[in-house]
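Summary of structural features
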Amino acid sequence: MEKRDECGVVFEVNGERFAVAEVDPSTTLLDFLRSATPFKSLKLGCGEGGCGACVVVVSRFNPVLKQREIFSVSSCLTLVCSVNGFSITTSEGLGNSKDGFHPIHQRFAGFHASQCGFCTPGFCMSFFSALANADATPPHAPPQPPRGFSSLTLSQAQTAITGNLCRCTGYRPIADACKSFAADVDLEDLGINSFWKRGEARVSKLPPYNPEEDVCPYVQQCREECESILNSERLSWFTPVSLEELGSLLITGDGASVKLVVGNTGTGYYKETEKYDRYIDLRYIPELSMVTRDASGVEFGAAFPISRVISYLKEEGKSSLVLEKIAEHMERVASIFIRNSASIGGNLVMAQRRSFPSDIATLLLAVGSTLALLRGRARERITMDEFLYGPPLAPEDVLLSVHIPFLDCSASDSRLGFESYRAAPRPLGNALPYLNAAFLADVSFKEGGGGVVNYARLAFGAYGIDHATRAREVEEYLAGKTLTVEVLYEALTLVKRAVEPEDGTSYPAYRKSLAASFLFSFLTTFVDVSSPTFGGSLSEVAALVSSAKQSVESSDYYPVGEPIPKAGAVIQASGEAVYVDDIPSPPHCLHGALICSTKPLARVKGVSFESVPKPSGIVDVISAKDIPEGGENIGATAFFGSEYLFAGDTTGFAGDIIAFVVADRQKEANLAARMAQVDYETEGLDPPILTVEDAVENSSFFDPPPPRYEPYLKTEVIGDFSKGMAEADHKILSAEIILGSQYYFYMETQTALAIPDEDNCMVVYSAVQSPEFTQISIARCLGVPEHNVRVITRRLGGGFGGKCQRAMKVATACALAAQKLRRPVRSYIDRNTDMIIAGGRHPMKITYSVGFKSNGKMTALHLDILIDAGFFIDFSPFIPHMIVAGVKKYNWGALSFDIKLCKTNNTSKSMVRAPGDVQGSFIAEAIIERVASVLSMEPFSVREINFHTHESLQLFYADAAGDFSEYTLPRIWDQLVKSSCYVERIASVQQFNRSNMWRKRGISCVPVVYEVVVSGFPGKVSILNDGSVVVEVGGIEMGQGLWTKVKQATAYALGLIQCDGTDDLLEKVRVVQSDTLSLVQGGLTAGSTTSEACCAAVIECCNVLVERLSLLATSLQEQQGSVQWNDLILEARNQSINLAANSYFVPEPSSTKYLNYGAAVSEVEICVLTGEKSILRTDIIYDCGQSLNPAVDLGQIEGSFIQGVGFFMLEEYLTNEEGLVTTNSTWTYKIPSLDNIPKQFNAEVLNSGRHPGRVLSSKASGEPPLLLAVSVYCATRAAVVEARKQLKAWGATQGTDSDFQLDVPATLPVVKQYCGLDYIEAYLRNLLAPF
Ligand SMILES: Cc1cc2nc3c(=O)[nH]c(=O)nc-3n(C[C@H](O)[C@H](O)[C@H](O)COP(=O)(O)OP(=O)(O)OC[C@H]3O[C@@H](n4cnc5c(N)ncnc54)[C@H](O)[C@@H]3O)c2cc1C
Ligand code: FES
Ligand code: FES
């Protein structure tokens, strides 16, 4: 094999050859491609391997195995030097606007699978990799897929994308786009799309797919270079091809620091700050990259990628259950694009050396694997126990291979059992488990007797200990025992003692109870589980979407109301859509990163970079001292005041910005910020206020909003609470609910680029929801007039409310640095920092007292709410009003409240999709559930009896209720109960619960009433000479389809002109980026109504234009008989008619507020043993009035609902005792992924007819459906109630009542805790001594 040094790393990207002579060997492929090539489709979403935004596909010739390979990798972890000889395909390489799009891109667009689009290229590439592997090597093994389809199955098509995250869509449309390729798909089962109408599905209507053209060319791209390898002293990168070479590279005695590299995925977990003198790539040493097999077992080279280990084991597994099970478990390790490059050896070394919570170590420990090591020149073979519990491997020790033995039964009458387990937030992987386990047991079955355990190996891991461990005491206890109930009970008692998480581990009791659950599940595989004693099947629910239905009805204002694909969706898929960080850096551009406080309230004595090695590339450290004369220390400003940019002498909270370090490269700036040492002093300072209780004690509250906000924020008490309580038959007094925070998890983190312009001006590209406020903030900070500051925003990679205040600070910091240094400065905040500074949803403590009649009718409710608003006022004064608006969905009789906005030393909380409303609505549902428990009624009946009449609606929502005909909730409710078969399903849920002990189901139906406010927005429509139309609006496109609706509204309104050739106006309209110097008063894109307000603004503009043009059109028509649009425009130009119109839409005072309605039914199944839950089915009906675009609205409904599922069921946004966010990565913060969404997901956009006060009769869709996710929570609670009933039936006395408050989010530990951490023990105790 040729070895090459002279031209450095050589590889191809989208067919273009790159030879990189100089590169820092720690540079990732993503860094390189995004900064040194024109290819930007790969996005940086996390830099940890946890989101899939950066996925690219590589093809290469494997010189060791002598075969061509094609697979996906996360480019954020893959090192550029390790792709030497590879051919890389990015999404724009797959297809683009110039050469034609790939069918994957076209189908993603047509199935409405791209909203903000930031995740889309990554999804496309993950899916392409699966397609390529299925279809790259014709002729295919029979059966051939039908023409136009892939060989992929439905399940493979979905599994291919389970590691990719999307925060916008709710995944269902993405799954549909992928499923459309599958050989076994029934096209009629796929959701709404732009290819066919219901009942007309045919493959011929899809963008055609042909493997010969759409897959093979990319696979065959790898060329000659694949045969050569990289050995470069200059790059410090070495690729030994034998153990001898490796040995001489390691044993040099020169003291150089060495890093052994395979997939480099370990850096996703252990962020590297260290620089190494030498990188040694292990993948080309045959011993490390081969698999061999003999009679004793299989030996995998340590550099063998996990995905290949899985394939091999699956093949072997056809004759070995153990190997098959290991493979199945490994399929839940990380995600496909990680497993493709992550090596089995790398995993084990991380586990051994750094206590990584490995699944693989646990599996191999259970089966008695051995390992071959190279230490110095000596080889040795050791057991897994010796490996894990020996001293940490030295940097120059090499793991050579891993041996997995074939295992046989010990005797002819015995059965060998092997099972492995993991409990994690996501069923299909991409989430570390709370506990993993692998059990092996050999059990003899004598006639007439139960199974006798000959031996057992019980391994547990990832539960907060250094290494996977064996529960030897339990193993010894079980040996020789017959598996009786007594033995099971004792074994579980022992295992809970053996699995002891270290201090500081989260949920220790849960993890211990999981150990018992797993062992019980395993041991019962040796008894007859179908017997009534063992209470029904333990089998899991399939994790993927099985079906979905969407119904939409269109409107009267063509092309408004058409479900056209989102504007720009296809270029988002191909990765050509430009986000702020995709704008090429101008010459001499610098990069900044935030240095944030880790202390809540402390004096900052200084910032230094004393670490070794010292971070390189630092140009300046910008702080408050750099604010120019005339400028102010302001980083953000909005309705209620301003926030400082930099903490002054004293920090206000952990996450406060202390300084902005500017360096030559983003990586250097990030590293410098991470390594900055801040010298704090707290002496003499008061203790920080970190809880709402502290705030109350110190009377630390924000003032009420100024009177001018009264019309929006006035929240009045309703009725007489004391009187209502006096009328009550029952009361619940001073009950508490605690609600935590939620992080936005927009896929694109905060980012801006500031470019100094002539005459002391500044152009700032900012991913912000309010360019106008950003302009003000920058101008004030720099001390310049606002006309000196141009803020440009084209699109956001997700916002959800999080790109308001914090985005302004990043933009202002860049502008300040750019002004000082007279150079362009950009910043793309890393995910960890973003999560620390974001603030997120308002946590709160609610205390309520409620009175109600015996039939469930409420008579009075009083709420005391303490909201943790954090340090700055932000948008917090809106929150109390919004909470109350959410609570008012039911008729409480009388409603009173005392809500305090607590000022604390925590990050300031901001608007997160459906702010306040989601908590208010939750409070209402939580109270309904408790009242139902007290009365032993179905919550459904309590909900119904408390629905508003139109009169009570008028009373509760005085200025929003509208006309009686607009109150569609009762109609939606009845329709949903019917269409979801709610009543029939209650019976089947009950039946299921009667016959299953370990899995319980619940079903819940909830309504939503959501008040929105319409604000003023500007628009500008200009018609160009060729008849094309350019539109500007104040609203920002952030995935919600604002541009698409605006296009449709423009085409509709201009189409009212009486002339020919307006049929294709939609194609003639382009909405362009927001520019604060072109269109002023852009306001803030928030609150779900910006799209409709922008549509209204452009309609007003179009009306003016139509009026200006009508006279001319009529006269031309009279002269010529007819007139074409293009001719009309040309003539208008000649006649100097003004073809541009501006408008500022202001809603009529009576139309400023209105209510939205919807309802959802969800059915959930929980595993009582682990707390895992599956959403079996969700049905939603949501009233969009006459939807402006039903496909876009449906996307909002589904996406919003799934974000709500995150809030209620999954996402823990936690801090340490100083208020510093600790769940600040994709490792610790889990948003829903494809395997968390409802298996059956039916959503209907209801057309509720004409609404005269609304924009073209439409209603909002962005936020209200998020609240409907509480149906999942309530269904989960109902299932937990069933588990508690079961416990009671077994004689347990504690934790069995149905009157409890299930915590939010109802994560696995929470669900398990409320089901009973010793559920199985209670069951066994009952068997031993029946109650
Ligand atoms: C997002 C994500 C999710 C994950 N989820 C899981 C999970 O759920 N369960 C689980 O078990 N694992 C999980 N992992 C861990 C993953 O399996 C490991 O990162 C991977 O196997 C490491 O292999 P690598 O080839 O990339 O190692 P590298 O990153 O290249 O190396 C890791 C470390 O091992 C050293 N090393 C590598 N090979 C050798 C060798 N042969 N001899 C000596 N030293 C060596 C390297 O020097 C380095 O220090 C996850 C990883 C990521 C990024
Ligand atoms: S950016 Fe690479 S996986 Fe998230
Ligand atoms: S479209 Fe997936 S994150 Fe926005």
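Attention in this report is confined to the structure presented alongside it. (Residues numbered from 1 in each chain as written. Chains lettered and ligands numbered in written order. Predicted model: local features only at pLDDT ≥ 70, side-chain atom pairs only at ≥ 80, totals over all residues. Heavy atoms only, no water.)

Okay, the overall build of the protein next. Helix and strand content of the protein: 42 helices and 44 strands. Against the compact-globule benchmark of 34 Å for 1331 residues, the protein has a radius of gyration of 31 Å, which places it among compact chains. Expressed along its principal axes, the backbone C-alpha trace of the protein runs to roughly 95 × 85 × 75 Å. By the burial criterion, 66% of the 1331 residues in the protein qualify as buried. Put simply, 78% of the contacts in the protein that link residues at least 6 apart link residues at least 24 apart. Surface summary for the protein: the accessible area is close to 45000 Å², and the carbon and sulfur share equals 51%. (Helix = DSSP H or I, 4+ residues; strand = E, 2+ residues; numbered from the N terminus. Rg over C-alpha atoms; globule rule 2.2 N^0.38 Å. Buried < 20%, exposed > 50% of the residue type's maximum accessible area, 1.4 Å probe, protein only. Contact = heavy atoms within 4.5 Å. Areas by Shrake-Rupley, 256 points an atom, 1.4 Å probe, with all protein chains shown as cover.)

To continue, consider the pattern of salt bridges. Considering all chains together, one arrives at 65 salt bridges under this definition. Taking the shortest distance from any N to any O, the salt bridge between Lys-566 and Glu-1037 comes out at 3.4 Å. Highlighted residues: Lys-566 in the loop between β20 (547–551) and α20 (569–574) and Glu-1037 in the loop between β38 (1029–1033) and α34 (1042–1054), separated in sequence by 471 residues. Lys-566 sits in the buried class, given a relative accessible area of 9%. Among the residues examined, Glu-1037 registers a relative accessible area of 3% and is labelled buried. One salt bridge in this structure joins Lys-889 and Glu-925, with 2.6 Å as the shortest N-O distance. (Salt bridge = Lys/Arg side-chain N within 4 Å of Asp/Glu carboxyl O.)

Moving on, we get to the site of ligand 1. Taken together, 34 residues surround ligand 1, and among them Leu-260, Thr-265, Gly-266, Ser-343 and Asp-359 come closest. Separating an oxygen atom of ligand 1 from a backbone N or O atom of Leu-260 is a distance of 2.6 Å. One nitrogen or oxygen atom from the side chain of Arg-353 is found 3.5 Å from an oxygen atom belonging to ligand 1. When isolated, ligand 1 has an accessible area of 970 Å², and the protein chains bury 96% of it. Counting residues per element, the ones that place at least two in the shell around ligand 1 are β9 (258–261), α14 (344–354), α15 (359–367) and β15 (398–405). It is α14 that provides the largest number of residues to the shell around ligand 1, a total of 5 residues. Considered class by class, the residues forming the shell around ligand 1 number 19 nonpolar, 10 polar and 5 charged. (Near = heavy atom within 4 Å. Polar contact = N/O pair within 3.5 Å; in protein donor to acceptor, adjacent residues only side chain to side chain. Nonpolar A, V, L, I, M, F, W, Y, C, P; charged D, E, K, R; others polar.)

Moving on, we come to the sheet that holds strand β17 (residues 435–445). Across the sheet, which stays open at both edges, the 4 strands sit in the order β16-β17-β18-β19 with antiparallel pairing between neighbours. A single partner strand is all that each edge strand has here, and the edge strands are β16 (414–423) and β19 (469–470). Pairing of strand β18 (residues 451–461) with β19, which is carried by 2 bridges, proceeds in the antiparallel orientation. Bridging across to β19, Ala-459 finds its partner in Arg-470. (Pairing = 2+ DSSP bridges.)

Another aspect to go through is the packing of helix α28 (residues 878–887) against helix α29 (residues 917–935). At a minimum axis separation of 6 Å, α28 and α29 run at an interaxial angle of 35°. The handedness of the crossing between α28 and α29 is right-handed. Facing Met-882, Ile-883, Ala-885, Gly-886 and Val-887 of α28, the residues of α29 in contact are Asp-917, Gly-920, Ser-921, Ile-923 and Ala-924. Of the residues in the contact of α28 with α29, the class split is 6 nonpolar, 3 polar and 1 charged. (Axes fitted to C-alpha atoms, helices over the stretch in contact; angles between N-to-C directions. Left-handed = near helix turned anticlockwise from the far one by under 90°.)

What follows is about the packing of aromatic side chains. Summed over the entire model, instances satisfying the criterion amount to 66 aromatic pairs. Judged by centre distance (5.8 Å) and plane angle (85°), the ring pair of Tyr-276 and Tyr-279 falls under edge-to-face. Note on Tyr-279: relative accessible area 3%, which makes it buried. Taking the centre distance of 4.9 Å and the plane angle of 80° together, the rings of Tyr-644 and Phe-872 count as edge-to-face. On the criterion of sequence distance, the pair formed by Tyr-644 in the loop between β25 (641–643) and β26 (657–663) and Phe-872 in the loop between β34 (858–870) and α28 is long-range, its members being 228 residues apart. Like Phe-872, Tyr-644 is buried. An aromatic cluster of at least three residues, connected via ring pairs, comprises Tyr-421, Phe-439, Phe-460, Phe-518, Phe-522 and Phe-526. Residue placement shows Arg-841 over the ring face of Phe-1207; its charged tip is 5.0 Å from the ring centre. Against the face of Tyr-957 rests Lys-888, its NZ or CZ located 5.2 Å from the ring centre. (Phe/Tyr/Trp six-rings, centres within 6.5 Å; stacked < 30°, edge-to-face > 60°. Lys NZ or Arg CZ within 6 Å of the ring centre and 35° of its normal.)

Below, the discussion takes up the nonpolar core. Membership of the largest hydrophobic core comes to 363 residues, with the highest contact counts inside it found for Phe-11, Leu-348, Phe-460 and Trp-892. Looking at this core, the element that brings in the most residues is helix α36 (residues 1090–1120), giving 15 residues. Here Leu-348 is in contact with Ile-360, Ala-361, Leu-364, Leu-371, Met-384, Phe-387, Leu-399 and Val-402, once residues within four sequence places are set aside. In terms of nonpolar packing, the next biggest core, distinct from the first, is built from 32 residues, Cys-596, Phe-646, Ala-779 and Val-789 among them. (Core = buried A, V, L, I, M, F, W, Y, C linked by side-chain atoms within 4.5 Å.)

Right, let's talk about the environment of Gly-635 for a bit. With respect to the element layout, Gly-635 can be found in the loop between β23 (618–622) and β24 (636–638). You can call Gly-635 buried: its relative accessible area is 0%.

A separate point is the pairing of strand β43 (residues 1173–1183). By the criterion of burial, β43 is predominantly enclosed, with 10 of the 11 residues buried. Where strand β42 (residues 1153–1167) and β43 come together, 9 bridges link them in antiparallel fashion. Within β43, the position partnered with Glu-1165 by the bridge is Ser-1174. Where β42 folds back on β43, the antiparallel hairpin that results is connected by 5 residues, among which Gly-1171 adopts a positive phi of roughly 85°.

Our focus in this paragraph is the side chain of Thr-169. Considering the arrangement of structural elements, one finds Thr-169 in the loop between α5 (154–159) and α6 (172–179). Within the structure, the side chain of Thr-169 is placed 2.9 Å from the backbone nitrogen of Tyr-171, a separation counted as a polar contact. Contacts of Thr-169, omitting those with residues within four sequence positions, involve Ala-113, Ser-114, Gln-115, Ile-174, Gly-1195, Glu-1198 and Gly-1199.

Burial runs high along strand β44 (residues 1240–1246): 6 of the 7 residues are buried. Here β43 pairs with β44 via 7 bridges, running parallel. By the bridge assignment for β44, Asp-1179 is matched with Asn-1242. Note that the unit made of β43, helix α38 (residues 1190–1210) and β44 has a crossover that is right-handed. (Right-handed = clockwise from strand over helix to strand, strands pointing away.)

Moving on: the environment of Leu-1155. Residue placement: Leu-1155 occurs in strand β42. C-alpha of Leu-1155 to C-alpha of Gly-962: the two residues are 193 residues apart in sequence and 7.9 Å apart in space. For Leu-1155, the residues in contact, after removing those within four places along its chain, are Leu-953, Tyr-957, Ala-960, Ala-961, Val-1009, Tyr-1010, Glu-1011 and Lys-1259.

Here we take up the environment of Ile-404. Residue position: Ile-404 is located in strand β15. Setting aside residues up to four positions removed in sequence, Ile-404 forms contacts with Ser-296, Gly-297, Val-298, Phe-300, Leu-313, Leu-323, Ile-326, Leu-364, Val-367 and Ser-369.

On to helix α26 (residues 805–821). If you check α26, its first and last C-alpha atoms are 24 Å apart, about what 17 residues at 1.5 Å a residue would give, namely 24 Å. Among the 17 residues in α26, 15 count as buried, and that is most of the element. Residue Arg-822 follows α26 closely and has a positive phi angle near 55°. (Expected span 1.5 Å × (residues − 1).)

Honestly, that's just the spatial picture; any functional story needs more than this.
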